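Breakdown of the fold
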Amino acid sequence: MKTFITSKYLSLLGSGTVMMLFTSLMGMLDTLFAGFFLGEDAVSGICLVLPIFSLAEFFSVCFSYGVPILYLKYRGAFQKEEADQYFGTGLTMILSISILLLAAVMLAGNIFLKSYNSGGEIYSKAGEYLLWMKYTVFLLPIIELADGMLLADGDEKICMMANISQIVVKITLSII
């Protein structure tokens, strides 16, 4: 017997699974394209930047996953004003984190890369990659919050379409 909650759970499970699959794939795309088209120095340069991305992902997930949970708690209790306050506070916090991450990468990104003492060509490729990665670091918390809120709202179709669009843009930008 299929109930509403069972069908909703299965739908959200499918959407969430595809979202995680796309997230994993997007993490590998730059390295794959660099390996195929630009050579091992480019792959090494990307690998130098990945700890910055991983740290940004940590802060994105750490702060954006709780907001949808609290939003749903109060929304489910028919306390719309409180739910909206949690969302507003979460959005403000996420925007602040995005700005702080961008500022940290802009101010300390090259210092971080130089600490590896990697050499001329690898450092150059890492610097070129970091030039574009800083925008990803800025958008990452916002995207994580948007994904969480879309799933919390129960709109798995829009979430799925957003993730498909995101991977198409990622592939296009990685090739460029």
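Everything numeric here is computed off the predicted structure, so don't read it as measured data. (Residues numbered from 1 in each chain as written. Predicted model: local features only at pLDDT ≥ 70, side-chain atom pairs only at ≥ 80, totals over all residues. Heavy atoms only, no water.)

With that settled, consider the packing of aromatic side chains. Under the criterion given, the structure shown has 7 aromatic pairs. Judged by centre distance (5.3 Å) and plane angle (70°), the rings of Phe58 and Phe59 are edge-to-face. With a relative accessible area of 28%, Phe59 lands in the partly exposed category. Centre to centre, the rings of Phe59 and Phe63 are 6.3 Å apart; their planes meet at 10°, and the pair counts as stacked. Residue Phe59 and its partner Phe63 are located together in helix H2 (residues 40-64), separated by 4 residues, close to a single helical turn. Overall, Phe63 belongs to the partly exposed group, its relative accessible area being 32%. Taken together, the ring pairs in this structure connect Phe58, Phe59 and Phe63 into an aromatic cluster. (Phe/Tyr/Trp six-rings, centres within 6.5 Å; stacked < 30°, edge-to-face > 60°. Buried < 20%, exposed > 50% of the residue type's maximum accessible area, 1.4 Å probe, protein only. Helix = DSSP H or I, 4+ residues; strand = E, 2+ residues; numbered from the N terminus.)

We now examine helix H5 (residues 120-152). Relative to the 48 Å expected for 33 residues at 1.5 Å per residue, H5 spans 47 Å between its end C-alpha atoms, a close match to the ideal helical length. Roughly 35° is the biggest bend found in H5, and it falls at Leu139, with proline Pro141 one to four residues downstream. (Expected span 1.5 Å × (residues − 1). Bend = angle between axes of the 7 residues up to and from the residue.)

Moving on, we get to the environment of Lys73. Its place among the elements puts Lys73 in helix H3 (residues 66-76). Measuring from C-alpha to C-alpha, the distance between Lys73 and Ala83 comes to 7.7 Å, with 10 residues separating the pair along the chain.

Bringing the packing of H3 against H5 into the picture now. Packing of H3 against H5 brings their axes to within 8 Å, and their N-to-C directions diverge by 30°. Comparing their axes, H5 and H3 come out roughly parallel. Remark: the crossing between H3 and H5 carries right-handed chirality. Each of Val67, Pro68, Tyr71 and Leu72 in H3 lies in contact with H5, whose residues at this interface are Leu145, Gly148, Met149 and Ala152. (Axes fitted to C-alpha atoms, helices over the stretch in contact; angles between N-to-C directions. Parallel < 35°, antiparallel > 145°, perpendicular 65-115°, else oblique. Left-handed = near helix turned anticlockwise from the far one by under 90°. Contact = heavy atoms within 4.5 Å.)

Here the focus is unusual backbone geometry. With a phi close to 60°, Phe78 is a non-glycine residue in the positive phi region. Following the sequence through the fold, Phe78 ends up in the loop between H3 and helix H4 (80-114). Residue classification places Phe78 among the exposed residues on the basis of a relative accessible area of 78%.

Inspection of the secondary structure assignment puts Val137 in helix H5. As for Val137 and Ile52, which are separated by 85 residues in sequence, their C-alpha atoms are 8.3 Å apart. Setting aside anything within four residues of it in sequence, one finds Val137 in contact with Ile52, Ala56, Leu101 and Val105.

Here we come to the pattern of salt bridges. When the charged atoms of two side chains lie near each other, side chains of opposite charge can form a pair. Taken as a whole, this structure holds 2 salt bridges when the rule is applied. Among the salt bridges present, the one from Lys125 reaches Glu121, with a minimum N-O distance of 3.8 Å. In this pair, Lys125 and Glu121 are both assigned in helix H5, 4 residues apart and thus about one turn of the helix distant. Using a relative accessible area of 42% as the deciding quantity, one classes Glu121 as partly exposed. (Salt bridge = Lys/Arg side-chain N within 4 Å of Asp/Glu carboxyl O.)

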